[in-house]
Amino acid sequence: MPVLVMKFGGTSVATLDRIKRAAKRVALEVAKGYDVIVIVSAMSGKTNELVGWVNETSPLYDAREYDAVVSSGENVTAGLMALTLQEMDIPARSWQGWQVPLITSSAHAAARIEDIPNDNINAKFAEGMRVAVVAGFQGISKEGRITTLGRGGSDTTAVAFAAAFDAERCDIYTDVDGVYTTDPRITDKARKLDKISFEEMLELASLGAKVLQTRSVELAMRYHVKLRVLSSFEEPSDNAGTLVCDEEEIMESNVVSGIAYSRDEAKMTLVSVEDRPGIAAAIFAPLSEAGVNVDMIIQNIGEDGLTDMTFSCPTDQVLRAQKALDAAKDSGALVFQELIADTNVAKVSAVGIGMRSQSGVAAKMFQTLSDEGINIKVIATSEIKISVLIDRKYMELAVQALHDAFELEKAS
Ligand code: ADP
Ligand code: ASP
Ligand code: MG
């Protein structure tokens, strides 16, 4: 029988009633003749609570135990979903990551999926089971320890299962009815897109649009998974939601297709570093070894053999970055006067494949921000995106102003 993957995010399984509602959706697909793999998240708010408990117990925690704790929310919803389906007379059972087994790397809290053998679940489908409910977000390392895939990782579990089982489609059920031109929580002018290209979705996700985890989009692109984002609260319909697809399948699109933002950015400035060959390597090698994800970089014009170097990184990596750079200073590998961390910044980005062929997008973005009196602190560009770092207090204003300036409320 054809296989369908259906993923339900935290708000879609937040209560027993909502689990029932989600189960009814699953029943509709079973009735159409699909064998269904359901991927569930933890009830909304649960993972945050678990992360809080870990931090309170042990601020510099052992990441293996962090994973043991934070993966548990999904175990509860997987079991409850299987029970709900059984109550509806649908043959179903739950699987935790290790039971599948979903084998991952050993990078705890940010593990990558390495293999999903499908024989266990397929054997059950062959015996008449119609729904395999799998706990999202979690797996097992070769060392036999429980791992998690990073926040939002159930999306990636879902796409990986769709690829491993050659599913007809991977439906991601969430609390919005699709992918919008920007987060609909920031402006009610945000417009739902019927289709978005993998590349644009990848950029939007990596720049902060948390509707899909970045890695899930990467996997869908690589394995040609038909990926759809839709709401579990709306009435079922065949063309609901947003299809994430190849660029060629999209007839018309705006030059800019979406605006993304990320609150969790910090701007780090190294004051008075030596302006000499090798200085960038001396700064960024220790950061990379410490696992700091540096995003934007600017080096000022040097004077008297000294310069300032600024970079951005996620706020929760500031301490790690400071430690790494201080250690490099103490060892004599790096000389600088001081390190200033500014954690009151946010990143706002415009994304669109149309930028490849149309100039003037950057100019328009900068002018729009200038008209609002918003100062740009750092800029980064690539072929299909422009990102700026600004004061966090202007973030929502910037998103709204750019959404207006690029007329995203209107389809082209
Ligand atoms: P789930 O728990 O279902 O995985 P998430 O909270 O992870 O849901 O993701 C859905 C949220 O993503 C939405 O509620 C919305 O606020 C946010 N979001 C951010 N950017 C976008 C966008 N461009 N389109 C749709 N939703 C977005
Ligand atoms: N429950 C996990 C989280 O909140 C995984 C997910 O929902 O995708 O990050
Ligand atoms: Mg999510």
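This one's a predicted model, so the numbers in the text were calculated from it and none came from an experiment. (Residues numbered from 1 in each chain as written. Chains lettered and ligands numbered in written order. Predicted model: local features only at pLDDT ≥ 70, side-chain atom pairs only at ≥ 80, totals over all residues. Heavy atoms only, no water.)

> Looking at this structure, how should I read the state of the cysteines?
One covalent bond between the sulfur atoms of two cysteine residues makes up a disulfide. If you walk through the whole model with that rule in mind, you get zero disulfides. Considering cysteine sulfurs only, Cys245 is the nearest to Cys170, which forms no disulfide, with 15 Å between them. (Disulfide = S-S within 2.5 Å.)

> Would you explain the nonpolar core in this entry?
Here is a general trend for soluble globular proteins: nonpolar side chains tend to be buried in one another's company. One finds Val5, Ile37, Ile121, Phe161, Cys170 and Met201 to be the most contacted residues of the largest nonpolar core, which totals 44 residues. Those residues in contact with Ile121, other than ones at most four positions away along the chain, are Trp95, Val100, Met129, Ala132, Val134, Phe161 and Phe165. Within the second largest apolar cluster, 25 residues are counted, among which are Met6, Val40, Ala78 and Ile90. (Core = buried A, V, L, I, M, F, W, Y, C linked by side-chain atoms within 4.5 Å. Buried < 20%, exposed > 50% of the residue type's maximum accessible area, 1.4 Å probe, protein only. Contact = heavy atoms within 4.5 Å.)

> What should I look at first to understand the sheet that holds strand S7 (residues 138–141) in this one?
Paired through backbone hydrogen bonds, the strands of a sheet run either parallel or antiparallel to each other. As summarised here, the arrangement of the four strands in space is S5-S4-S7-S8, forming an open sheet in which the pairing is mixed. Each of the sheet's edge strands pairs with one partner strand only, and the pair in question is strand S5 (113–115) and strand S8 (146–148). As judged from the three bridges shared by S7 and S8, these two strands associate in the antiparallel manner. Across the sheet, Gln138 pairs through a bridge with Thr148, a residue of S8. (Pairing = 2+ DSSP bridges. Helix = DSSP H or I, 4+ residues; strand = E, 2+ residues; numbered from the N terminus.)

> Would you explain the site of ligand 1 in this entry?
Contacts to ligand 1 come from 16 residues, most closely from Thr174, Asp175, Tyr180, Asp183 and Arg185. Between ligand 1 and Gly10, the relevant distance is 3.1 Å, taken from an oxygen atom to a main-chain nitrogen or oxygen of the residue. Between a nitrogen atom of ligand 1 and a main-chain N or O atom of Tyr180, the distance comes to 2.9 Å. In isolation ligand 1 exposes 570 Å². Once the protein is present, 89% of that is buried. Residues that form the shell around ligand 1 fall into these classes: six nonpolar, five polar and five charged. (Near = heavy atom within 4 Å. Polar contact = N/O pair within 3.5 Å; in protein donor to acceptor, adjacent residues only side chain to side chain. Areas by Shrake-Rupley, 256 points an atom, 1.4 Å probe, with all protein chains shown as cover. Nonpolar A, V, L, I, M, F, W, Y, C, P; charged D, E, K, R; others polar.)

> Explain unusual backbone geometry to me, please; I cannot follow it from the model alone.
For residues that are not glycine, phi is negative in most cases, and the peptide bond is trans in most cases. In this model, Val100 is joined to Pro101 through a cis peptide bond whose omega is -10°. Inspection of the secondary structure puts Pro101 in the loop between strand S3 (92–95) and strand S4 (103–104). Of note, Asp304 is a non-glycine position whose phi angle comes to about 55°, a positive value. Residue placement: Asp304 occurs in the loop between strand S14 (297–299) and strand S15 (306–314). In the Ramachandran plot, Glu407 falls in the positive-phi region, its phi being about 50° despite a non-glycine side chain. In this fold, Glu407 is placed in the segment after helix H12 (395–405).

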